[in-house]
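Understanding the architecture of this molecule
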Amino acid sequence: MYPRIKRSLSEEGSSSAKRTHFRSFSVSGAFGNGTSQRETNGQTKHHLSANQHYQQTTHSSTRKQRFNLPIYAGRTAIIAEVRMKESVIIVGETGSGKTTQIPQYLHEDRLTKLGAIACTQPRRVAAISIAQRVAKEMSVQLGEEVGYTVRFEDVTSEKTRVKYMTDGMLLREAISDPLLLRYAVVILDEAHERTVHTDVLFGVVKSAQKMRKENNQKPLKIVVMSATLEADHFSRYFNGAKVLYIEGRQHPIQMMYAVEQQKDYVHAALVTIMQLHQEMPPGGDILVFLTGQDEIESLAKLVTDCAQHCTPDCMELLVCPMFAALPSQHQMKVFISAPSGKRKVILATNIAETSITIPGVKYVIDTGFVKGKAFHPKTGLDMLRVQPVSKAQARQRTGRAGRETSGVCYRLYTEEQFDELKQTTIPEIQRCNIATVLLQLMALGITDVANFDFLDRPPQDAIENALEQLIVLGALRKASDCYELMPLGRQMADFPLEPRLAKVILSSQQFNCSEEIITIVALLSVDSLTYTPQNKRDHAIAVRKKFTSSEGDQMTLLNIYRAYNSVNGNKEWCQQHFINSQTVKQVMDIRKQLREICVRMNIPFNSCGKETANIRQTLARGLFMNAAELQPEGTYQTVSHRQPVAIHPTSSLFGLKPQFVVYNDLVHTSKCYMRDVCCVDPSWLRDAAPNYFKEHRLHSQPTAIYS
DNA sequence: GAGCACTGC
C-alpha cells in the first residue's frame, strides 16, 4: 500500500484517485492581515479610531505591550459606550487583546467604583491564565485587585475588582444572588461558543439588569464579547445594543480546497500530510483535525509507517496524537517543539480548536468533520455522531495556522461543500438534556421556566421532558398555572451534579451509606478512571479483574478507589493497574466538595459496611428512570421507552444478565449501550417512584398488585 | 464481545 501512495505523491498533476488535489483561493478578506474588508451582513460597523489622550505612566515592558495592541485604538470609544449604554456587543478577532484589556480599561476609568467586573470564560484554564497575565500587566498580586474563581479554586479577596471566572461559576453565584449585586459590569466573553452556561447567563444578566433598574439599584452593565457572526443576534436580544468591531492580529493564511469530493478523509489526510512533509521546506508543523481517538490512533500508525518509506534526504516526522482522554504526560509531547531537522504532525480532535494552542503550527489540515452530541428530546437518548463542521468551526480551525507566521490551510473538501455547511453550530442548549438548566432557573426564583427569555429556545419537547423528569424526581410540583420548587429540589440545585445524581446523594441518608454514595457519585462525575492502551488491552483488563464486582460498575469503581487509597495513591501501583491517577485526584476534589455541601445540609455521614445492597438501593432512588429489564430473548429494554439496549462490553455486568438494572447513561454507537450499570431489585424501583411505575410497568412482575 | 468529540459546576 505504501509504495503506491508514494508513487502517486510523486505524480505531479496526475488524476490518480490516490492523489488529493487542491486549488488556491483568494484570501485577502476574512483571513487577511487586518484590512477592513469583511463579510457584510447589513450591520452598521463602528470601527474604532485611535485615542490620543491616554498617557503612559510606566515603563515596564509588560505594560508597554498593552499600548501596541490593536484594541488600544478603541479604548475611549469602548469606555464611552459602556458608560452611556446598558449593554454593548464587542466583536474582537483573535489577537485583538479584548479579553485582557477591556476589563482593565473599565477598571482604569473607575467603572468598578460601585462593584467588581466579572469576566466569564468557557474554560478553567483560560480564566486562570488570563487572570495571571492581567495581574502581571497591572503589577498587582494575583488574588488582590485581579483574581479568578473556578471550581475548587477561588483566588479572590475583598479587594478584587477584576475577576475572571468560568461561566458555570457565575451561574452558581447567581443562585445565591440572582441580581448579581456584587458586580457593576458583567462581561460574557467567548459568547460565540454558546456554552449552555453562557446561554443561561444571557437570560440571567438581562433579567438582573432590568430588575436592578426597576428597583432603583445601581445599574448592571453588560458587555458581550464574541468573534464574528451572531453579533446582530446578540444585539437584537440586548435591545439593539451597539456592536463595536475590533480588528485582530492574524497572519495571512492561504486557503486550499480539494478539487473533488473525498470519499475517505482519513486517507486524504494521510496523502496530504505526506505530500506537505516532502514538498514544503523545513520549519512549520502540521495540525490535522480528526473526529476521535480511534481515527487518530489508526492514522498515527499509517503516518509512522509511511514516513519510513520516504526518501533518505527527507526530514524525520514526529507523530503526536492529541485528544482529551490521552493521559497528560502523553499530551505534553505536542508542546515540545520539534528539534531542527524534524517536523511534527499533530493529529488532534477539536480539543485543538479552542482548548489548547499548539506552538509552531504552519499547516492545518481540516477533514471537515467533528463528533458531536445529538439528543432526542422525547426519549432522552444522547448519542455521539460524526457530522460535518459548521463554517464558523472551519474558520476557527483555519485560524490555527496563522498564530505565529503566515500559514496554509488545506480543506479536505471542495469549496462547494464548504458553501453548503451550516453558518454556525447549533447551540448546545438546543441539543442536550436541560433538566439541570431548568432546575437552576427554578432555584434562581424564575418560576415560569417554560417561558424564560432564552437567546435561542430549546425545543418544546426538551422543555416538557425535562420538567417531567424533575417532577418525577420530586424536585418540582406542578401548581395551578406554574411550577413550584420543592424543598428537595432546592437542595438538589445546590449540588454541582445532574439532578438524578443529586437525588441519589440526598437519598443516601436513609440507607446509611452516604460515605459510599458520595464517593460513587464523584466517581461517576469523571470520565475514564482507567486507561486501556490499544496494544496492552488484555493485560490491562486482567490486572484490574480483581476489582470487578458482580453487583455492578459502581461497586467496581468503589473497589478501585478503595484500593487506590489503601496504597496511598502509589504511582507505580497506578501504572501497573492502568489507573489514571490524575482522574483519581479529580475524584477526591469532587468528593470533598460534595461532602462540604452535605455538611451544610446536615446530612449525616455513615457507612453501610458490608450491606452493599443499601448502596444499590440508594442508586435506584435517583436512577429509576434509567431502568432496563431483561427480555425473554436475552436482550434488554428500557422501562421508560421500551428502547432496546445492551450492557456495554466494558461493564462488569457484561454477560451476567441480571433481570433488572439501572444505568448512569446511554451511548449509541453500533448499538445502544448502557454504561455504569448496576443490578437492582424491582421492588426498589417501585419504592423509589410508585406512580412512575404504575405508568411504566415492570413486566416480569405480576401487574395485579397495582389493580 | 465492542470501542467513549469537548467543556463545566
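Scroll up to find the structure this text is about.
First, a word on what this report is: a plain description of the structure on this page. Only a predicted model underlies this, so the values are computations on that prediction, with no experimental measurement involved. (Residues numbered from 1 in each chain as written. Chains lettered and ligands numbered in written order. Predicted model: local features only at pLDDT ≥ 70, side-chain atom pairs only at ≥ 80, totals over all residues. Heavy atoms only, no water.)

Our focus in this paragraph is the protein's contact with DNA strand B. The local shell around DNA strand B holds 30 residues, among which Arg124, Ala324, Arg537, Thr669 and Ser670 are the closest. Put simply, 69% of the atoms of DNA strand B that lie within 4 Å of the protein are in sugar or phosphate. Measuring from a phosphate oxygen of DNA strand B, one finds a backbone N or O atom of Arg151 at 2.9 Å. Within the contact set of DNA strand B, a phosphate oxygen lies 2.4 Å away from a backbone nitrogen or oxygen of Ala324. When residues of the surface near DNA strand B are traced back to their parent elements, those giving at least two are helix H6 (167-176), strand S16 (369-376) and strand S25 (672-679). For the surface near DNA strand B, the element with the most residues is H6, which contributes 3 residues. Among the residues forming the surface near DNA strand B, the class breakdown is 12 nonpolar, 10 polar and 8 charged. (Near = heavy atom within 4 Å. Polar contact = N/O pair within 3.5 Å; in protein donor to acceptor, adjacent residues only side chain to side chain. Helix = DSSP H or I, 4+ residues; strand = E, 2+ residues; numbered from the N terminus. Nonpolar A, V, L, I, M, F, W, Y, C, P; charged D, E, K, R; others polar.)

This next bit is on the nonpolar core. Counting 117 residues, the largest nonpolar core has Leu438, Leu441, Phe495 and Leu685 as its most contacted members. In this structure Leu438 touches Val449, Phe454, Ile463, Ala466, Leu467 and Leu470, once residues within four positions along its chain are discounted. (Core = buried A, V, L, I, M, F, W, Y, C linked by side-chain atoms within 4.5 Å. Buried < 20%, exposed > 50% of the residue type's maximum accessible area, 1.4 Å probe, protein only. Contact = heavy atoms within 4.5 Å.)

It is worth spelling out the pairing of strand S10 (residues 242-246) at this point. S10 sits mainly inside the fold: 4 of its 5 residues count as buried. The pairing of strand S3 (residues 87-92) with S10 spans 5 bridges and is parallel. Of the residues in S10, the one forming a bridge with Val88 is Lys242. (Pairing = 2+ DSSP bridges.)

What follows concerns the packing of aromatic side chains. Scanning the entire structure with this criterion turns up 12 aromatic pairs. Taking 4.9 Å as the distance between ring centres and 20° as the angle between the ring planes, the aromatic pair formed by Tyr265 and Phe369 counts as stacked. Of the two residues, Tyr265 sits in helix H9 (residues 265-279) while Phe369 sits in strand S16, which places them 104 residues apart along the sequence. Summarising the aromatic geometry, the rings of Phe624 and Phe693 are spaced 6.2 Å apart at their centres and angled 65° between planes, so their arrangement reads as edge-to-face. Taken together, the residues Phe624 in the loop between helix H23 (613-623) and strand S21 (627-630) and Phe693 in helix H25 (residues 692-695) connect sequence positions 69 residues apart. Like Phe693, Phe624 is buried. By way of ring pairs, the aromatic residues Phe202, Phe234, Tyr237 and Phe238 are connected into one cluster. Cation over ring: Lys206 sits above Tyr237, and NZ or CZ is 4.0 Å from the ring centre. Here Lys391 stacks its cationic end above the ring of Phe418, 5.9 Å away from the centre of that ring. (Phe/Tyr/Trp six-rings, centres within 6.5 Å; stacked < 30°, edge-to-face > 60°. Lys NZ or Arg CZ within 6 Å of the ring centre and 35° of its normal.)

These results come straight from atomic positions and should not be treated as a statement about function.
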